[in-house]
Amino acid sequence: MADLASTFLGIQSPNPFWLASAPPTDKAYNVNRAFEAGWGGAVWKTLGEDPHIVNVSGPRYSAIYGNDRRVIGFNNIELITDRPLKTNLDEIRQIKRDWPDRAVVVSVMFPMNKETWAKYVPMIEDTGADGLELNFGCPHGMSERGMGAAVGQVPEYLQMATEWAKDAANIPVIVKLTPNIANILPPAKAAKDGGADGVSLINTINSIMRVNYDTLTMYPSTDGMGTHGGYCGEAVKPIALNMVAEIARTAETSDIPISGIGGITDWRDAVDFFALGASNVQICTAAMVYGFKIIDDLTDGLSTFLDDKGMTSVAELVGRAVPSVTDWQHLNLNYVEKAVIDQELCIKCGRCHVVCEDTSHQAITQSVNGERYFEVIDEECVGCNLCVSVCPVDGCISMRHLADGVDPRTGQDIPTEKANWTMHPNNPMRKQP
Amino acid sequence: MPDIRANRLSREDIDSNFGDLHPPLSRPEALIEADRCYFCYDAPCTTACPTGIDIPAFIQKIRSNNIRGSAHTILRENIMGGMCARVCPTEVLCEEACVRNTHEDKPVEIGLLQRYATDPVLTDGTKLFARGEATGKKVAIVGGGPAGLSCAHRLSMLGHDVVVFNRDAKTGGLNEYGIAAYKTVDDFAQKEVAYILSIGGIEIRNGIALGADVSISQLNDDFDAVFLGLGLADVNSLGIDGEDMAGVENAIDYIAELRQADDKAVLPVGRNVIVIGGGMTAIDVAVQSKRLGAERVDLVYRRGPAEMGASKFEQELAQTNGVSIHHHAQPLQVQGPNHVTGVLFEKTVMDEKGDLCGIGDTFTIPADIVFKAIGQRLKDDVIGEESMQMQRGKIVVDENQATSIGGIWAGGDCVVNGDDLTVSAVQHGKLAAIAIDHHLRA
């Protein structure tokens, strides 16, 4: 049985699954329930200065649904904690005392002056918390006041505030990054340069969910008016994975420990983050959609997976897929795949045919000898994976590698050596061999 | 003494027995079911639908909460999409073709979704179709059933004036008189007729019978075109001793009486009932007899379950309602002497040539009532036209429903390719209307 015990920046937890700083970690009652359910740690909902901020007393959340109203994407406009600082600090102290084996990290957000950070950081440290997470990511509300994403979007500010936090702190400092930027590397680098012990990402993405079709006003609204919120949930995972992988595969940032966040719903999502370079993961939306009980599948599924892979710890998995991530220009253009439809599994829905016909390369039949029959025309197939992506039957369409011989599409021999765009004759910027 | 009486069951039981066989889907149920549709290309369900409804399209519109658009997608191909949603044997049509059968052996509930999409439009009388620009042409339609009404509605959409000559007191044909009551509750058949007629341009003349009150040649003279959508009014006979005895009845007559009864509890029903036949009418009369309180209902069919006209679902419906189905037995004699007391049957087998033959093994089933449900045919001489090409007692038509006589089209149960389904009759009427329109504009 693999050992899920986790150490991130020296912070111990019985498993690598922490609740992200968000509504589920707003107060002791919730965190107690989470720890009872088996969560490895919690990042306390972001603390700010007193007097505490206030939240709207109307809709804070909305969702985008898949089949059967399964929540695929989620949006929130809740701000940081709306309770007095002392209340939070007292509860954090008690929680850490009651749950010494769990990770308790405190998220913080303060205005851009050193004195404020110097005043509050020691008060938080005094609770016995295991670490600090600097919220430079929230895209709504607080960013209008020069905090959250407003800091995270300017690497110089981010570095400055990180330095203030590090100056005042003795416990590890994690910088939480916003995805609302063009390139994740400069803020990650700034965090490192500011002395951060690690980064966590992603925070939520600027978003408006939809309009109300009756009133033709933004939905959801507060008394008829709405504001953009932060988008999260399963739908954002690919965005998060890319940013995690970018940090993990770039020489200047690859040594920064990463806490992965963004749409993790079951253990497979966590495997994605670990394999692409995260050392632990944080989760919010899945808990807000299904409750804390999901921790059972997360831990059990991950443990079983590690056993199946012959791994004894999560550490063995971390970063395993990072070497497989590269730039487009380095992809082997001599590599040829063709789709193959398993006729035993095919239910003849024809979706592969119509999408290939309408939007791709006209490489799938709709009938053979007058019978409804879907098969790949190798002479047309560019191996794009569209049919695999849309087929409703798991495993029915797969990709087959043509290692040698002639590619029926081009009529050319498939070269055995690799060749990429940097050396391609059509590339005016090619490097001469 | 035959034991035939009314009020065998309490009023509550009767009400419950004649409530909706398949209650409508709630909104959550409909959305969950709609999500199961794969939106197939060149969808097999659409190919399987005799009227060619674009089923994935209407289901997608349910998903996007475009219910009116969904109803339009259905009704533009099949103006009786509401009734068909209730009575179509979907298990041998669209739902049999559903690719989910291959994936998981459970098709999308297309019939129930179709009802979900069309019910609001019919309940609210939402106008989805408009009369076309008037052509000044007049078309006579004989028969106010599915074929005739479908033809009338399409002709009106195309701008023609229509007069429907209908034998019965009410419009609707078998939708009104022939279908089991629990499949079309709350007077749905009349609501649908009203919706169809609301397009305008359709005059209904009820109580006018072809042959007796009006002739084909007269209609052909008086109108620019004629469509024959008449039903099969005569019942096939068993051809056995005692067939005329009291207590031997036509299933279709009893079903019609039941459909028209405001209070079904007062309908007399036998303690022991025999139904002879294997089609939908046989199942309908058997199940309804049981639901009226008959103690024992025996349905006897001379061939096997695969040869029955009733679908597997219908056969199982009969069985779960407590009807005993006897296969491979043919009636020899109705036993009496004054009123039926039972029927003598003989076991049958199929010989090498596929012909049915008795094997001499006989048995008697007791009965207070015997229902004959072995098929119907056109009333003798109802056509009254020597030159009308007929085959096995039905009208021969081409792929556009044109008969052998110029200016006359036909569809529904009265034509050779008629198959006793509302949905096929609707398609015939639609095709004929399009052909008539081409003819009138030529």
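In this text the structure is predicted, and so the values were computed from the model without any measurement.

Undergrad: In this structure, what is going on with the packing of helix α10 (residues 146-157) of chain B against helix α17 (residues 422-441) of chain B? I would like to understand it.
TA: A packed helix pair is summarised by two numbers, namely the angle formed by the two axes and the spacing between the axes. Residue and element names in this part refer to chain B. Closest axis-to-axis distance for the α10/α17 pair is 7 Å, and the angle between their directions is 35°. Our pair here, α10 against α17, has a crossing hand that is right-handed. Counted together, Pro 146, Ala 147, Ser 150, Cys 151, Arg 154 and Leu 155 of α10 and Thr 422, Ala 425, Val 426, Gly 429, Lys 430, Ala 432, Ala 433, Ile 434 and Ile 436 of α17 form the full contact between these two elements. Looking at the contact of α10 with α17 residue by residue, the classes come out as 10 nonpolar, 3 polar and 2 charged.

Undergrad: Just checking my understanding: could you explain the pattern of salt bridges for this structure?
TA: Should their charged atoms come close, side chains of opposite charge can pair. Applying the stated criterion across every chain yields a total of 46 salt bridges over all chains. In this structure, Asp 266 of chain A engages Arg 268 of chain A in a salt bridge whose closest nitrogen and oxygen atoms are separated by 2.7 Å.

Undergrad: Could you clarify how one ought to interpret the sheet that holds strand β3 (residues 17-19) of chain A in this entry?
TA: Across a sheet, strands are paired by hydrogen bonds formed along the backbone, either parallel or antiparallel in direction. All names here are of chain A. The 8 strands lie next to each other as β3-β4-β7-β8-β9-β10-β15-β16, forming a closed barrel whose pairing is parallel. Shown here is a sheet whose adjacent strand axes are inclined to one another by a mean of 25°, direction ignored. In this sheet, strand β10 (residues 198-201) lies alongside strand β9 (residues 173-176) in parallel orientation, the contact comprising 3 bridges. Bridge pairing in β10 links Ile 174 to Gly 198.

Undergrad: What exactly am I supposed to notice about the packing of helix α8 (residues 267-275) of chain A against helix α10 (residues 295-308) of chain A here?
TA: All names here are of chain A. Orientation of α8 relative to α10, taken along the N-to-C sense of each, is 60°, at an axis distance of 8 Å. What the angle tells us is that α8 and α10 run oblique. Along this stretch, α8 crosses α10, giving a crossing that reads as right-handed. When α8 is examined against α10, the residues Trp 267, Val 271 and Phe 274 are found in contact with a partner set consisting of Asp 297, Leu 298, Gly 301, Leu 302 and Phe 305. In the contact of α8 with α10, the residues fall into 6 nonpolar, 1 polar and 1 charged.

Undergrad: How should the interface of chain B and chain A be read in this particular structure?
TA: The extent of an interface is frequently quoted as the accessible surface area lost upon association of the parts. With 12 residues of chain B at the contact, the number on the chain A side is 16 residues. Both sides together, the interface formed by chain B and chain A hides about 1,100 Å², and carbon and sulfur atoms give 55% of it. Summed over the three residues of chain B that lose the most area to chain A, namely Asp 35, Tyr 38 and Tyr 41 of chain B, the buried surface amounts to 50% of that side. Ionic pairing is found between Arg 372 of chain A and Asp 42 of chain B, a salt bridge with its closest N-O pair at 3.9 Å. Our count for the contact surface shared by chain B and chain A stands at 7 residue pairs in polar contact (both at pLDDT 80 or more). If you list the elements that add at least two residues to the side of chain B that touches chain A, you get α2 (27-35) and α8 (100-104) of chain B. In terms of residue class, the side of chain B that touches chain A is made up of 7 nonpolar, 2 polar and 3 charged.

Undergrad: Looking at this structure, I do not really get the confidence of the model for chain B. What am I missing?
TA: Detailed reading of predicted coordinates is not advised where the pLDDT is low. Taken residue by residue, chain B gives an average pLDDT of 95. The fraction at 70 or more is 100%. We note a pTM of 0.92 for the whole complex and an ipTM of 0.88 for its interfaces.

Undergrad: Sorry if this is basic, but what is going on with unusual backbone geometry here?
TA: Comment: phi is negative for the bulk of residues other than glycine, and the bulk of peptide bonds are trans. Residues and elements named next belong to chain A. In this structure, Pro 51 follows Asp 50 across a cis peptide bond, with omega equal to -5°. If you trace the backbone, Pro 51 turns up in the loop between β4 (41-47) and β5 (61-65). The backbone of Asp 68 sits at a positive phi, close to 60°, despite the residue not being glycine. Within the secondary structure, Asp 68 sits in the loop between β5 and β6 (71-76). A positive phi angle, near 80°, is found at Asn 385, a position not held by glycine. Within the secondary structure, Asn 385 is located in the loop between β19 (371-372) and α12 (386-390).

Definitions and cut-offs
Residues numbered from 1 in each chain as written. Chains lettered and ligands numbered in written order. Predicted model: local features only at pLDDT ≥ 70, side-chain atom pairs only at ≥ 80, totals over all residues. Heavy atoms only, no water. Axes fitted to C-alpha atoms, helices over the stretch in contact; angles between N-to-C directions. Helix = DSSP H or I, 4+ residues; strand = E, 2+ residues; numbered from the N terminus. Left-handed = near helix turned anticlockwise from the far one by under 90°. Contact = heavy atoms within 4.5 Å. Nonpolar A, V, L, I, M, F, W, Y, C, P; charged D, E, K, R; others polar. Salt bridge = Lys/Arg side-chain N within 4 Å of Asp/Glu carboxyl O. Pairing = 2+ DSSP bridges. Parallel < 35°, antiparallel > 145°, perpendicular 65-115°, else oblique. Buried area = accessible area lost by both parts, 1.4 Å probe. Polar contact = N/O pair within 3.5 Å; in protein donor to acceptor, adjacent residues only side chain to side chain. pLDDT = per-residue confidence, 0-100.

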